[in-house]
Amino acid sequence: MTVRTRFAPSPTGFMHVGNLRTALYAWLLARSNNGKFILRIEDTDQARFVENAVEVIYNTLNSAGLDHDEGPDKDAGFGPYVQSERKHLYRPFAEELVKSGHAYYCFCEKSEEPTTEAGTVFIDGCPSRCADLSPAEVKAKLDAGIPYVIRQKIDRTGSVSFRDLVFGEITIETKVLDDQILIKQDGMPTYNFANVIDDHLMQITHVVRGSEYLSSTPKYNLLYQAFGWEIPQYVHLPLIMGRDAEGNVSKLSKRHGSVSFETLVEEGFLPEAIINYIALLGWSSKTDREIFSLAELAELFNVEGLNKAAAVFDYDKLRWMNSEYIKQMDFEAFKNKAAKFAPEQFAVLQNVWDKVASLLQSRLENFTDIPGMIQFLVEQPPYEVELFNHKKNKATPESAKEIINDVMPEFKACENWNAESLTAILMNYAQTKEMKVGKVMWGIRIALSGQSVTPGGPGEIMEIIGRENSFARLKAALEKIG
RNA sequence: GUCCCUAUCGUCUAGAGGCCUAGGACACCGGGUUUUCAUCCCGGCAACCGGGGUUCGAAUCCCCGUGGGGAUGCCA
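A brief look at the structure comes next.

About the criteria used
- Residues numbered from 1 in each chain as written.
- Chains lettered and ligands numbered in written order.
- Predicted model: local features only at pLDDT ≥ 70, side-chain atom pairs only at ≥ 80, totals over all residues.
- Heavy atoms only, no water.
- Axes fitted to C-alpha atoms, helices over the stretch in contact; angles between N-to-C directions.
- Helix = DSSP H or I, 4+ residues; strand = E, 2+ residues; numbered from the N terminus.
- Parallel < 35°, antiparallel > 145°, perpendicular 65-115°, else oblique.
- Left-handed = near helix turned anticlockwise from the far one by under 90°.
- Contact = heavy atoms within 4.5 Å.
- Nonpolar A, V, L, I, M, F, W, Y, C, P; charged D, E, K, R; others polar.
- Near = heavy atom within 4 Å.
- Polar contact = N/O pair within 3.5 Å; in protein donor to acceptor, adjacent residues only side chain to side chain.
- Pairing = 2+ DSSP bridges.
- Expected span 1.5 Å × (residues − 1).
- Buried < 20%, exposed > 50% of the residue type's maximum accessible area, 1.4 Å probe, protein only.
- Arc of directions from axis to C-beta.
- Phe/Tyr/Trp six-rings, centres within 6.5 Å; stacked < 30°, edge-to-face > 60°.
- Lys NZ or Arg CZ within 6 Å of the ring centre and 35° of its normal.
- Core = buried A, V, L, I, M, F, W, Y, C linked by side-chain atoms within 4.5 Å.

### Quick notes on the packing of helix 5 (residues 191-201) against helix 6 (residues 217-227)
Each pair of packed helices can be summarised by the angle the axes make with each other and by the distance between the axes. Where helix 5 meets helix 6, the axes come as close as 10 Å, and the angle between the chain directions of the two elements is 50 degrees. Judged by the inter-axis angle, helix 5 sits oblique to helix 6. Judged by the sense of rotation from one axis to the other, the crossing of helix 5 with helix 6 is right-handed. Contact with helix 5, carried on its side by Tyr191, Asn192, Phe193, Asn195, Val196, Ile197, Asp199 and His200, involves Tyr220, Leu223, Tyr224 and Phe227 of helix 6 and no other residues of that element. Of the residues in the contact of helix 5 with helix 6, the class split is eight nonpolar, three polar and one charged.

Structure representation (C-alpha cells):
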C-alpha cells in the first residue's frame, strides 16, 4: 500500500519552525517510502482568517524544498484540499454519528458552566446534559431554530489503547474524555472532527503531528471506530522547546526568539541550514554525520530515529550549521546575497566587493553579521591606543609606531598596490628586522582597522581601502600613539 | 486538580542487559598551522535525576518518587 502522509497547517500567516519540522518529517516519511505527500489547509477557524496566509505556506514549503504531490493547487481526486471548501462534507458524517448514537445535538450556550455530578469524576463537556434530551425535545429545539453544536458522545466505560510509532503503546481511560464538539455553531467542523474525516477521505496512512495531540488521539480513534473506518498509523513528534531569559523551558514561541521560518531567513539563516538543523532536532541518523542535504535525509530517514523527549532549540548550533552551508555556497551566489545584507557597505565597496566577499565567506556564521564585520572598511571606528598591546606577539604602541614609520616609505614606493605585494613588504620587513611576523601584522592591522579581529590581514585591508585611505589611517595612528 | 507523555554532558544526541573507563556534534577552554582573528587540525572540560527491585551483570527491564513537558477551547 502506498504511504500517504499529509501536512495540514492552519493559515496563520507565518510558519513556526515546529510546524515546518512536522512538515519535514511527514515529507521524509513519504519520500523515504516512495509515497505521497499531501498538503491540506486547515482553515476551520474563520475568526483567525489571515490574508495571504496560504501564500506563505506555499512559499515556505517551496524554499524549504518540500514539494507536495497533492494540494489545493494539485488535485489528484481527493480535493478540495482546503477545509473551508469542504464544509458541506462534514455535516452528513456528523449526522450519521447522531443516528448511530455516537453524537448528539447540544443546545447549550458557550458561557454555560459544565455541571459536575456528585460522586462522578467525568467531565462530559456539555453543560446541561443535552445527550439526555429525548428525540422529540431535540426536534422541537431544532425546529425552533435554536443554535446548536454537535458533540461526540463518549462511552465512558473501559479504555482506549493505540500504538504510536514513536511513543509505543498508549492507553487512556475513556472516563477522562470529554464530549468534544464536532460541528460548531457556525456550521464549521472543529479541527478534531475535520482531521478525522479528511484523513480518512484522503486515505492518509500515516498521521504525522506534534505530540500535543497524543492525549486527544483516543477521541479520534473512537470516531474512526464509530464509522467503522481503519485507524491510520500514528507518528507523534516530540515538541520543540525554547528557553526564555529566566532559563525556563516551554513550547517554543516568540518569547524565545525568532520561531518562524520567514524570520529566520530574514535574519540570515539559509533555508538548507534551517532544514538540516531542525531535521536533527528530535531525529537521529544514528551516525556521526550532522550535515545532510534534503535528498540524503530522504534516503536515510527512518521512524526508528525519532526521539520521544522534547528538544530545546539551540540558536548557537543553528549558527554553526549555517556557517557550514555558507562555506559550501557558490561564490557568485554568496557575494550577491552578502551584498543584500550590507547594502550601505556595498554601496561604498562595490568595486572591491569580490575581494571583500571572498574574505567573508570562510568566516561567516550569519549574513546579518556582515555589516558589523566590514563597516571598518568604509569608515574607521574610534579605538584605544591600548589595542596596540598584544602580549603573545610582544606588540606595544611603541613597537607599532616604529614599524609604521619604517614601513611607510616602502608602501609609498610600492607600485602594485595589492594584497600580495603589500604583504610581501611586511613579511620582508619582519625578516630583515628579525621581528615576529605577528608583531608586525598586529600593529598595522590595528592602525588600519581599529579592531583586533578583521576579515583578512593588513595586506588585504590596504588593498581594499586603497592607497590614500591606508596612508591616512597609518598617519592617524602615529598621531594617536604620540 | 485530573489525565497523558517524558528523563544520558549546558544544548542536540548515540546507546535496544555485558562491546560503556558512556561515543559524536554545538558551545566553552587549551595547543598547532596561518600574516592577527577566523577557517583547518589536535587535545581538554562535561552526563546516565533519586530510591528500590529483577539479574551473575542495568544507562538499558520493572516499581515508586522527583523534575520537565503536554492536554483538559465552539484554536489547531
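### Quick look at the protein's contact with RNA strand B
Contacts to RNA strand B come from 62 residues, most closely from Thr44, Tyr213, Val249, Gly282 and Arg445. Within the side chain of Tyr213, a nitrogen or oxygen atom sits 2.7 Å from a base nitrogen of RNA strand B. Within the contact set of RNA strand B, a sugar or linking oxygen lies 3.3 Å away from a side-chain nitrogen or oxygen of Ser215. If one sorts the elements of the surface near RNA strand B by residue count, helix 10 (residues 315-328) sits on top with five residues. For the surface near RNA strand B, the class distribution of residues is 24 nonpolar, 16 polar and 22 charged.

### Notes on unusual backbone geometry
In this model, Asn34 sits at a positive phi of 60 degrees, which is unusual for a non-glycine residue. Checked against the element boundaries, Asn34 lands in the loop between helix 1 (17-32) and strand 2 (36-39). For Asn52, which is not glycine, the phi torsion reads 65 degrees and is therefore positive. The topology assignment puts Asn52 in the loop between strand 2 and helix 2 (53-64).

### Describing the sheet that holds strand 7 (residues 181-183)
Taken together, the three strands give an open sheet; going across it, the order is 3-4-7, and neighbouring strands pair in antiparallel fashion. Strand pairing shows two members of the sheet lacking a second neighbour, strand 3 (103-106) and strand 7, which therefore form its edges. Taken pair by pair, the neighbouring strands of this sheet meet at an average axis angle of 40 degrees, ignoring direction. Helix-sheet contacts for helix 3 (residues 87-99) involve strand 3, strand 4 (149-152) and strand 7, and the interaxial angle to strand 3 is about 105 degrees.

### Focus on helix 16 (residues 419-432)
Here helix 16 is 14 residues long and its end C-alpha atoms lie 20 Å apart, about the 20 Å a rise of 1.5 Å per residue gives. Taken as a whole, helix 16 has its buried residues at Ala419, Leu422, Ile425, Leu426, Tyr429 and Ala430. Burial along helix 16 is one-sided: seen end-on, the buried residues are contained in an arc of 135 degrees. Away from its buried face by more than 90 degrees, helix 16 exposes Glu420, Gln431 and Thr432. Lining the buried residues of helix 16 we find helix 15 (397-413), helix 17 (437-449) and helix 18 (458-465).

### Quick word on the packing of aromatic side chains
Inspection of every chain in the model, using the stated rule, returns 17 aromatic pairs. Look at Phe346 and Trp353: their rings are 5.0 Å apart centre to centre, the planes differ by 90 degrees, and that puts the pair in the edge-to-face class. Overall, Phe346 belongs to the partly exposed group, its relative accessible area being 26%. Judged by relative accessible area, which is 3%, Trp353 ranks as buried. Between Phe411 and Trp417 the ring centres are 6.3 Å apart and the planes differ by 75 degrees, which places this aromatic pair in the edge-to-face class. When its relative accessible area of 16% is taken as the criterion, Trp417 is described as buried. Positioned above the aromatic ring of Phe78, the side-chain terminus of Arg4 is 4.1 Å from the ring centre. Positioned above the aromatic ring of Phe367, the side-chain terminus of Lys337 is 5.3 Å from the ring centre.

### A look at the environment of Gly13
Locating Gly13 in the fold gives a position in the loop between strand 1 (4-7) and helix 1. Between the C-alpha atoms of Gly13 and Val54, which are 41 residues apart in sequence, the distance is 7.4 Å. When sequence neighbours within four positions are dropped, the list of residues in contact with Gly13 reads Val50, Ala53 and Val56.

### A short note on the nonpolar core
Ranked by size, the top nonpolar core spans 104 residues in total, and within it Phe313, Phe367 and Phe411 carry the most contacts. If one sorts the elements of this core by residue count, helix 1 sits on top with ten residues. Other than its neighbours up to four places away in sequence, Phe313 contacts Val17, Ile240, Met241, Leu252, Leu264, Tyr277, Ile278, Leu281 and Leu318. With 35 residues, the next largest nonpolar core counts Tyr105, Leu182, Val196 and Ile197 among its residues.

### Things to note about the sheet that holds strand 12 (residues 311-312)
Pairing in this open sheet of three strands is mixed, and the strands run 11-10-12 from one edge to the other. The open sheet has two edge strands, strand 11 (249-251) and strand 12, and neither has a second partner.

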